[in-house]
Amino acid sequence: MIENIREAFDGIRSHKLRSCLTMLGIIIGIASLIAISSTIMGTNEQIKENLIGSGNNTVTIQLYQGDYPFESEYSTLPEYVPILGTEILDQISKVPQIAKASAYYSRNAYGIIWDGSNGLSQGTIYGVDNNYLSVYGYVIRAGRNFVDTDFSQYRKVILIDKQVSESLFLGEDPIGKTVEISGEPYEVIGEFTQSTEFSPVISSIEDYYTYHTTTGGKVLIPYTTWPVLFKYDDVFSFVIQATGTDDMTTAGKRAEDILNATITNESTTVKYKSKNLLEQAKELQELSGATNRQLILVACISLLVGGIGVMNIMLVSVTERTPEIGLKKALGARKRKISAQFLIEAGVLTCIGGILGVVVGVGLAYVISKVSSVPIFISGYIVTATVIFSFIIGMFFGAVPAVQASRLNPIDALRRE
Amino acid sequence: MLIELKHIEKDYGQGEQKVPVLHDINFCMEQGEYIAIMGPSGSGKSTLMNIIGYLDMPTRGAYLFDGEDNSRAGDARMALVRNERIGFVFQSFHLLSQRRAWENVALPLMYGGVPKRERRKRAEEALSLVGLEDRMNFYPYQLSGGQCQRVAISRAIATRPRLLLADEPTGALDSKSGQQIMDIFDELHHSGMSIIMITHERAVAERAKRILYIYDGKLSGGENE
């Protein structure tokens, strides 16, 4: 065996240029496979990271009308959809896949929050219960959190995040300041922030749509104050924290079912729907997977062409080395020995081609990630698999030349000089 | 009796195109004999040598080597017989150019399953028999034609075969190198090696103890000198 591999290297070394050209097809095929797969895997890894970082395993459940969130600012709530109280949370929290649950109201904060003449031009205002911060993993950075009396006495107090703080107070300490919401004075009692700083890496428009909600500015008021502010009862949205990333979809569905059970009209399109990052991320993955599958197909075709190139060269090599084969046969080499020699030579050739292809492919992947800022992930498993795959290609396409070599008649082989 | 050919015939081709090459060849060779086979080109001498060397199968007749008939035994068996019992020397040496001298000599030992460590030792012994022990690590392109043929001879005898088959061993050499090669064959003959040499040079053939002539596929002569 070692002898055979040595012989294979002898054969390759004695025809350097030809061997390189033979390997070229394999190199290109493997390189493109590696480059494509590392970009796919990089994108997937990125999605996973973004999910774990920004999602905190949360699933939001909102009332939808058809495919769009129900907008209570503009439509009247149908009578068969009851206004739920926070009691429903007890039921939701009992679902084993749900760790924490919170109910909240939300509206666009645009144009209703002012500090003197300085207004908030983006962001969302939320009426929240006291679980809201912990479900999202927020912590109070300065000032204080809501306390029970804030809820029971309908206090006009707000919590804001850094983004709101900066756009309203331009870097000044916001704690204790008063802002105007719909003409009423509200006191800023605290500023909250993510317990762990994380900003998702946004590299495409789809990524932006998936993650941008978590990066908008937030203004929180006690949910009990909400009807005071907006003058009528809104319908709750809910956010739950699943016990694990894999449980997100199940947890969302279970909570959905509990909430939809309260809607008395079964044929309506007004329904609670859960939305989680995992599902959206899966859609993203499928989207990138579909285009990349075609690229992989193209890479495989180029590998096939490379394999045919190997076969072609090996056939030439058999013809060229006929005297050598004849001599070896005369000296007592059996058919099996001769065919093994050519098979191994083809295998070694494509294996080297595969390794070079991996090197080129990794380089190519780095270039791609630099140029188009697509993340890459190089998996040892894929690298090993492609090298083994190229070896198999060599064996497969080396089979015909190897059999041809082993069938040579030693006399004819020796006579040809 | 080392080898015995009984009514050996060989045809090439099939049906209408059938060309008979050897007609009713009969001859015997004792252990330790030195035989030269002479004949013009196209006379069938190479075919005869191929049959004796198990490189080709006779169409009819029996070929006994040590009393056994393996002449139609199939690839694996014939390869084994070639490896164990026969040493070949060719006109054009047939050395592997990427291999050192000793590695060329060790090649048939590898096919014979000799352990790696022993191969080098035996290759060295075989090379010293032809006076090339100091050229062990040379590549064929670093050796003269005569030296190449001596490497080829040591490759042929490294497996300690029963029979040495030489096909025009001096054909590609100048007369001085040819002389040296013939001297080596003489020495091998004196040490008991059985040799069959094919040649068309009378001077070379006359070194043998017995000359056979082949014309149009028919063997004649067989007179001892």
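Residues numbered from 1 in each chain as written. Chains lettered and ligands numbered in written order. Predicted model: local features only at pLDDT ≥ 70, side-chain atom pairs only at ≥ 80, totals over all residues. Heavy atoms only, no water.

Caption draft 1: Structural detail: the overall build of chain A. Assigned secondary structure in chain A consists of 14 helices and 13 strands. Of all 417 residues assigned to chain A, the portion counted as buried reaches 47%. Partitioning the contacts of chain A with sequence separation of at least 6, the portion at a separation of at least 24 is 80%. Put simply, chain A shows about 20,100 Å² of open surface, and 59% of that area lies on carbon and sulfur atoms. (Helix = DSSP H or I, 4+ residues; strand = E, 2+ residues; numbered from the N terminus. Buried < 20%, exposed > 50% of the residue type's maximum accessible area, 1.4 Å probe, protein only. Contact = heavy atoms within 4.5 Å. Areas by Shrake-Rupley, 256 points an atom, 1.4 Å probe, with all protein chains shown as cover.)

Caption draft 2: Examining the interface of chain A and chain B more closely. On the side of chain B, 23 residues touch chain A, which itself brings 22 residues to the contact. Both faces combined, the contact of chain A with chain B buries some 2,200 Å², and carbon together with sulfur accounts for 59% of it. Three residues stand out in chain A for area buried against chain B, namely A:Glu3, A:Leu331 and A:Ile411, and they jointly supply 27% of the buried area on that side. In this structure, the connection of chain A to chain B is made through three residue pairs in polar contact (both at pLDDT 80 or more). Looking at the side of chain A that touches chain B, the element that brings in the most residues is helix 11 (residues 322-330) of chain A, giving six residues. When the residues that make up the side of chain A that touches chain B are grouped by side-chain class, the tally is eight nonpolar, three polar and eleven charged. (Buried area = accessible area lost by both parts, 1.4 Å probe. Polar contact = N/O pair within 3.5 Å; in protein donor to acceptor, adjacent residues only side chain to side chain. Nonpolar A, V, L, I, M, F, W, Y, C, P; charged D, E, K, R; others polar.)

Caption draft 3: Local environment of the side chain of A:Gln341. Residue and element names in this part refer to chain A. Mapped onto the fold, Gln 341 is located in helix 12 (residues 335-372). At 3.2 Å, the side chain of Gln 341 forms a polar contact with the side chain of Lys 328. Beyond its immediate stretch of four places on either side in the chain, Gln 341 contacts Asn 4, Glu 7, Arg 321, Glu 324 and Lys 328.

Caption draft 4: Quick look at helix 13 (residues 380-407) of chain A. Residue and element names in this part refer to chain A. In this model, helix 13 (28 residues) spans 40 Å end to end at C-alpha, consistent with the 40 Å of a helix rising 1.5 Å per residue. Along helix 13, the helix axis deviates most sharply at Ala 399, where the bend reaches about 45°; the proline Pro 401 sits within four residues downstream. Of the residues making up helix 13, those classed as buried are Thr 386, Val 387, Ser 390, Ile 393, Gly 394, Phe 397, Gly 398, Pro 401, Ala 402, Ala 405 and Ser 406. (Expected span 1.5 Å × (residues − 1). Bend = angle between axes of the 7 residues up to and from the residue.)

Caption draft 5: Here's a closer look at the nonpolar core. Membership of the largest hydrophobic core comes to 62 residues, with the highest contact counts inside it found for B:Ile3, B:Leu5, B:Phe27, B:Ile52, B:Tyr63 and B:Ile196. Take this core: its biggest share by element is six residues, from helix 2 (residues 16-55) of chain A. Setting aside chain neighbours within four positions, we find B:Tyr63 in contact with B:Ile3, B:Glu4, B:Leu5, B:Ile8, B:Ile51, B:Ile52, B:Tyr54, B:Glu68, B:Asp69, B:Asn70 and B:Ser71. Among the nonpolar cores identified, the runner-up in size contains 46 residues, and A:Phe169, A:Val179, A:Val219 and A:Ala251 belong to it. (Core = buried A, V, L, I, M, F, W, Y, C linked by side-chain atoms within 4.5 Å.)

Caption draft 6: Structural view of the pairing of strand 5 (residues 86-89) of chain B. All names here are of chain B. Covered by surrounding structure in strand 5 are Ile 86 and Phe 88 together with Gly 87 and Val 89, the residues of both alternating faces. The sheet contact formed by strand 5 and strand 6 (residues 163-167) spans four bridges and is parallel. Of the residues in strand 6, the one forming a bridge with Ile 86 is Leu 163. (Pairing = 2+ DSSP bridges.)

Caption draft 7: Region of the structure containing the environment of B:Arg150. Residues and elements named next belong to chain B. Mapped onto the fold, Arg 150 is located in helix 5 (residues 145-158). Put simply, Arg 150 and Ser 177 are 27 residues apart on the chain and 9.6 Å apart in space, counted from C-alpha to C-alpha. Setting aside residues no more than four positions away along its own chain, Arg 150 makes contact with Val 130, Gly 131, Leu 132, Gln 180, Ile 181 and Ile 184. Among the polar contacts made by the side chain of Arg 150, one reaches the main-chain carbonyl oxygen of Val 130 at a distance of 3.1 Å.

Caption draft 8: Broad picture of helix 9 (residues 248-260) of chain A. Between the first and last C-alpha of helix 9 of chain A there are 18 Å, a value that for 13 residues agrees with the 18 Å anticipated at 1.5 Å per step. Of all the positions in helix 9 of chain A, only A:Met248, A:Ala251, A:Gly252, A:Ala255, A:Glu256, A:Ile258, A:Leu259 and A:Asn260 are classed as buried.

Caption draft 9: Focus on the pattern of salt bridges. Enumeration according to the criterion identifies 25 salt bridges over all chains in this entry. For B:Asp183, the salt bridge is made with B:Arg207, and the minimal N-O distance between the two is 2.5 Å. Taken as a pair, B:Asp183 in helix 6 (residues 175-190) and B:Arg207 in the loop between helix 7 (202-205) and strand 8 (210-215) lie far apart in primary sequence, 24 residues in all. Accessibility expressed as a relative area gives 35% for B:Asp183, which makes it partly exposed. One continuous salt-bridge network, built from bridges that share partners, spans A:Arg321, A:Glu324, A:Lys328 and A:Glu345. (Salt bridge = Lys/Arg side-chain N within 4 Å of Asp/Glu carboxyl O.)

Caption draft 10: Expanded view of the packing of aromatic side chains. Residues and elements named next belong to chain A. By the definition in use, this model includes 19 aromatic pairs over all chains. Considering the side-chain rings of Phe 151 and Tyr 223, the 5.7 Å spacing of their centres and the 40° angle between planes classify their relative orientation as tilted. Taken as a pair, Phe 151 in helix 5 (residues 148-152) and Tyr 223 in the loop between strand 11 (218-222) and helix 8 (226-230) lie far apart in primary sequence, 72 residues in all. Take Phe 151: its relative accessible area is 8%, and that puts it in the buried class. (Phe/Tyr/Trp six-rings, centres within 6.5 Å; stacked < 30°, edge-to-face > 60°.)

Caption draft 11: Structural view of the packing of helix 12 of chain A against helix 13 of chain A. Residues and elements named next belong to chain A. Viewed as axis vectors pointing N to C, helix 12 and helix 13 meet at an angle of 150°, and their least axial separation amounts to 7 Å. Taken together, helix 12 and helix 13 sit at an angle that is classed as roughly antiparallel. Our pair here, helix 12 against helix 13, has a crossing hand that is right-handed. (Axes fitted to C-alpha atoms, helices over the stretch in contact; angles between N-to-C directions. Parallel < 35°, antiparallel > 145°, perpendicular 65-115°, else oblique. Left-handed = near helix turned anticlockwise from the far one by under 90°.)

Caption draft 12: Broad picture of unusual backbone geometry. All names here are of chain B. Residues other than glycine seldom take positive phi values, yet Tyr 54 does so here, at roughly 60°. Structurally, Tyr 54 is set in the loop between helix 1 (45-52) and strand 4 (60-65). Of note in the backbone geometry, Glu 168 takes a positive phi value of approximately 50° without being a glycine. Note on placement: Glu 168 falls in the loop between strand 6 and helix 6. Assessed through its relative accessible area of 7%, Glu 168 is described here as buried.

Caption draft 13: Spotlight on the sheet that holds strand 1 (residues 3-12) of chain B. Residues and elements named next belong to chain B. Read from one edge of the open sheet, three strands run 2-1-4, paired in antiparallel fashion. Edge positions in the sheet fall to strand 2 (19-29) and strand 4, since each has one partner strand and no second. Strand-to-strand twist in this sheet, taken as the mean axis angle between neighbours without regard to direction, amounts to 20°. Packing of helix 1 onto the sheet brings it into contact with strand 1, strand 2 and strand 4, and relative to strand 1 it is tilted by some 125°.

Caption draft 14: Molecular detail of the packing of helix 3 (residues 101-111) of chain B against helix 5 of chain B. Residue and element names in this part refer to chain B. With their axes 8 Å apart at the nearest point, helix 3 and helix 5 run at an angle of 30° to one another. Relative to helix 5, helix 3 is oriented roughly parallel. Crossing angle aside, the handedness with which helix 3 passes helix 5 is right-handed. Contact with helix 3, carried on its side by Ala 101, Asn 104, Val 105, Pro 108 and Leu 109, involves Val 151, Ser 154, Arg 155 and Ala 158 of helix 5 and no other residues of that element. Here the residues of the contact of helix 3 with helix 5 sort into six nonpolar, two polar and one charged.

Caption draft 15: Representation of the confidence of the model for chain B. Residue and element names in this part refer to chain B. Scored by pLDDT, chain B comes out at a mean of 89, with 98% of its residues at no less than 70. When the elements of chain B are averaged for pLDDT, strand 9 (residues 218-224) gives the smallest value, 66, and helix 5 the largest, 94. Overall fold confidence for the complex sits at a pTM of 0.65, while the interface term, ipTM, reaches 0.90. (pLDDT = per-residue confidence, 0-100.)

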